[in-house]
Structures are given as C-alpha cells and as structure tokens.
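Okay, here's what each chain looks like letter by letter:
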Amino acid sequence: METTINPGTAVTNSKAMDDVIVVGAGVSGLITAYRLVKKGLRVRVLEAAPRTGGVIASGRGDGMLWESGPNSGMDTTPLINELLDALGIREQRTDARKIADRRFIVRSGQLVPLPMSGYAFFSTPLFSAGTKLGLLREPFIARSSPEIDESVAAFVRRRLGTEFLDYAIEPFVAGIFAGDPEQLSVQAAFPKLFALEQRYGGLIRGMILGARERKQQREKSKNNAKSFSFNDGMQTLTDALARGIAAENSVVETGVRVAAIARDARGCWTVHGKRSSVNNDEQGDKVMYCASSVILATPADAAATILASLKTPVADDAAQALRNIPYAPVSIVISGWQRETITHPLDGFGFLVPRKENAHILGTLFSSSMFDHRADEKHVVLTTFIGGMRQPDLPGYDDAVLQEIAARDLASLIGVRGTPLWTKISRHPRAIPQYTLGHLGRVHRIDAVRAQAPGLFFCANWRGGISLGDCVKSAHLTADEVGAFTASRQTS
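Conventions used here
Residues numbered from 1 in each chain as written. Predicted model: local features only at pLDDT ≥ 70, side-chain atom pairs only at ≥ 80, totals over all residues. Heavy atoms only, no water. 1 Å grid on protein atoms, 1.4 Å probe; cavity = no way out; pocket = protein on both sides within 12 Å on 5 of 7 lines; lining within 4 Å. Points joined across faces, edges and corners; volume = space filled by probe spheres on them. Helix = DSSP H or I, 4+ residues; strand = E, 2+ residues; numbered from the N terminus. Buried < 20%, exposed > 50% of the residue type's maximum accessible area, 1.4 Å probe, protein only. Phe/Tyr/Trp six-rings, centres within 6.5 Å; stacked < 30°, edge-to-face > 60°. Lys NZ or Arg CZ within 6 Å of the ring centre and 35° of its normal.

Chemist: Account for empty space enclosed by the protein, with residues named and values stated.
Modeler: Considering all chains together, one arrives at two cavities of 30 Å³ or more under this definition. Reported here for the largest cavity is a volume of approximately 60 Å³. Taken together, Leu65, Trp66, Glu67, Asn71, Ser367, Met370, Phe371, Arg374, Val381 and Thr383 make up the full set of residues lining the largest cavity. Those elements that place two or more of their residues in the lining of the largest cavity are strand S4 (64-67), helix H14 (367-370) and strand S17 (379-387). The leading source of residues in the lining of the largest cavity is S4, at three residues.

Chemist: Lay out the environment of lysine 311 in plain terms, naming residues and giving numbers.
Modeler: With respect to the element layout, lysine 311 can be found in the loop between helix H12 (300-308) and helix H13 (313-323). In this structure lysine 311 comes out as exposed when scored by relative accessible area, which is 69%.

Chemist: Go over the packing of aromatic side chains with me, naming the residues and quoting the values.
Modeler: Tallied over the full model, the rule gives 12 aromatic pairs. Considering the side-chain rings of phenylalanine 228 and phenylalanine 230, the 6.0 Å spacing of their centres and the 85 degrees angle between planes classify their relative orientation as edge-to-face. Like phenylalanine 230, phenylalanine 228 is buried. Grouped by ring-pair contacts, the aromatic residues Phe121, Phe122, Phe127 and Phe164 constitute a single cluster. If you follow lysine 424 out to its NZ or CZ, it ends over the ring of tryptophan 422, 5.8 Å from the centre. Over the face of the ring belonging to tyrosine 327 we find arginine 430, whose NZ or CZ atom lies 4.1 Å from the ring centre.

Take a look at the structure:
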C-alpha cells in the first residue's frame, strides 16, 4: 500500500538554490512542506528512510486492514478538513463508528466502560463513592503557582485524588504518551488542562466557562472530537501529501540522511548528507543542497546531531537539550482473529490497562470495531501496545515473546481463545517524545539558536503536542513563519 516518491535527480553537489529544505518526511514535515509549496515556494524534502510518512504506515491482507503506527486521528481543528479538501482526499475520510465512543478501563481484571457523562460517572463501579464525592471539593481547591513545573500525577492527586489518577489519568497517559504521569509536566504535556486551572481556578469551572471560548475558536476538546481515518488507512494522508509536494515543482527525496548544515555570510543554508547505497553500506553518495531556509522536522536525537554541526556554544547547548528529551519505546502486536474465538463483544474503541492491574500490556484497540472496512463480520483485528515508560525493556523482546505476552493478557481480559490467523509486530524503539519536567525549558534552549541562525526552523512532535491535530497546527504555524521570512528576504 506504499506510495513511492521518485528519489529525484539531484547530483552529488547541487548549486541550485531551493527556497526551503525540509529535513524529515513524517507528517509534520510533509504538512509544512505542502503548505509552503502552496505558497509558491520551491521546497526540497529529504528523508533518511526509504519511504515517506514516518511512523504512519498501513497494510492490508487476508481481507483485513491494519496500522503499524497511529490507528486514527482526532478531528480537533478545522485545519484538518481544510487540508483534506486541498489534497482531494476528503471523500476517503471515514469517521469512527458510534460504538467507538465507548472506551474501557480495566479494573480488577474486568473491562469497565469509562464514564462519559455526569450520571455515568456517579453510577460507575470504576471509582469509589469517596472519589466521586471528592469531586465536589475540586472547584474550591486553590490554583498552583504558574512558576511551579508540576507533574501530571501531582496535579491530579491535588485536584482529583489518587484513585482518579490510578484508574483514569495514569492509563490515559499510557495510552496517549506511553508515558509516566509522575514524570510528565502538566504544563508541557497538557497545557489546556494547566490553563483551565490558571485561568478559571479549577477544572470543572473551566470546562463550563471555557465552552463558549472553544466554540468561538472552532476547535473541539479531545473528549468531544471525532476519531477518523481513511478507507485505506492513515497512510492515505501522508501518501497524498508526498504526491502533492512532488506535483508542485518541488522534490521529495527518500534515502537521504542529513548529517550537517551550515550558513554562509549571505545567509544561505547548505545541507550536507549522504544517499543510501543499494547495499545500505557506508559508501552512499554524498549530497549537498542550498536553500534560503531549513526546517528540521526530525525526531529530537536526529535534530541534535544536525544542529551540533553548527559548532557554536548556543547550538551545542540546544543540541544537548534535544538529546535530553526522552522517548518511550513501544512495540505493537497486531493480530487477526476469527470473530468466534473472542468472547468479549468488542463493543467499543478498545481498553487501557492501569499500572495497578499488573498486566504486561498497555492496552488494546478493537481496530475492526472502530471503523468500517477493517474486517468482515467473521474476522477481528486487534492492535495491542507493549512497553512504554512503564515497562521500557519489554519492547526489545523477540517476536515470539511479544506474541505470547499479548495472547496471555488478551485471553485473560477479553476471552481470546486459540491462536490468531496472523500476527505482525511493529517496533518503535523511540516511539513518542516525553514532555517530562523541565521540557518547556529545554524547548526554550532549543529556540535560542534561531536568534543566531536566521532561516532555521523546527517543526516536530517533540514540541507543540504529539497528536495529529497538534502536528497540523504546528505545521501551519511553521509554514506561515517560513513564508514570512522568505518574503522579507526577497524584499530586503
């Protein structure tokens, strides 16, 4: 199901000047590049991997569709549909079934629906009577000092209590970040939650009073936003972006690993890299490109290596800040089953497993229940996540062990019997950046290099949010900023 973009015709040393070079062809880099070509700029996208799309990858076989990375996006901003319209793929979008609004949390080995209304909350067995009554005091708890970098866990304990942390927020954080709420910064990882307390003095008050403002902004909270994908999977989006860039007198090159950048006295940027050889050895051709601007749209460690090549104290400090951003390792066990071998009705989005349940998986998506056309009525696709910051060693185990871990927990929790029709393992040693305590300070140090290096920009999910909606918004902001910078150079 892959779309292969022509590697391009660049020679070993290219003197032709591009307007912008984007390093990295994940979703952030591709959206930024697409926005820039629509502004009339000539863009060159360089990607080290043999394909575009980053962690987004879809596959189909035996009549079933699976995702090796993200299974869906959340329609949190109108920018998403505007992008799909521009790409001509709006008709290929498919929204999650109504049943996917139902999400489960494991408690005492049983799947319990997560309450999605006030009545459901006060009647659910997920929380004790003490926790439920404790919410009545939440509006009267004082806000914290904005100067304190508080962990998500400390924030939730203070405002909502320990049980709410254990059976709502901790599994939620594991499902979104594959992270540890004791380590994540609430101000960096959940800025809207932090802002509710700071602006309105409490979460309940903020959710009520802030509803009108959210409506005016045409944005939806993640709780109310619709999950969506595409008829042929999430890769539809990244393939369309790559095609759209290449169709606009710009280039997307795969198999090019950027090693260094430099800026000359005229303010022009040179990007140095190496094209992968046929045998993937160290003998690939060296490449060099020139542009007015460079956007680093790579994971933090790759950006650190490139940035360090500037060899200035500020760049070295920024590179170290990038290296200090941890990533959660995750392995995904995707399996296809006969429907009759599973006793649970699979009537929902999936389930998350709190740390206190002592399971070996983070949770499982009922992928074929979420969307139409993932499997027929006689088959099921399950997507199970293992590892994260909770158990960072597990993703490195061999395939047989990962399959056994998933099968054992699925048998216990949803009554899976026998063996799957097929299993696929997707490994992500550096899956999700962690916005740990001090993250905003690290981002500030990274941004400091731009004052000394006009024309250098960053756009990646280690800043600004990790969701698809966050990446779309960050890409739009970056593209507008780069467009303004380019225009100022042309008029100066």
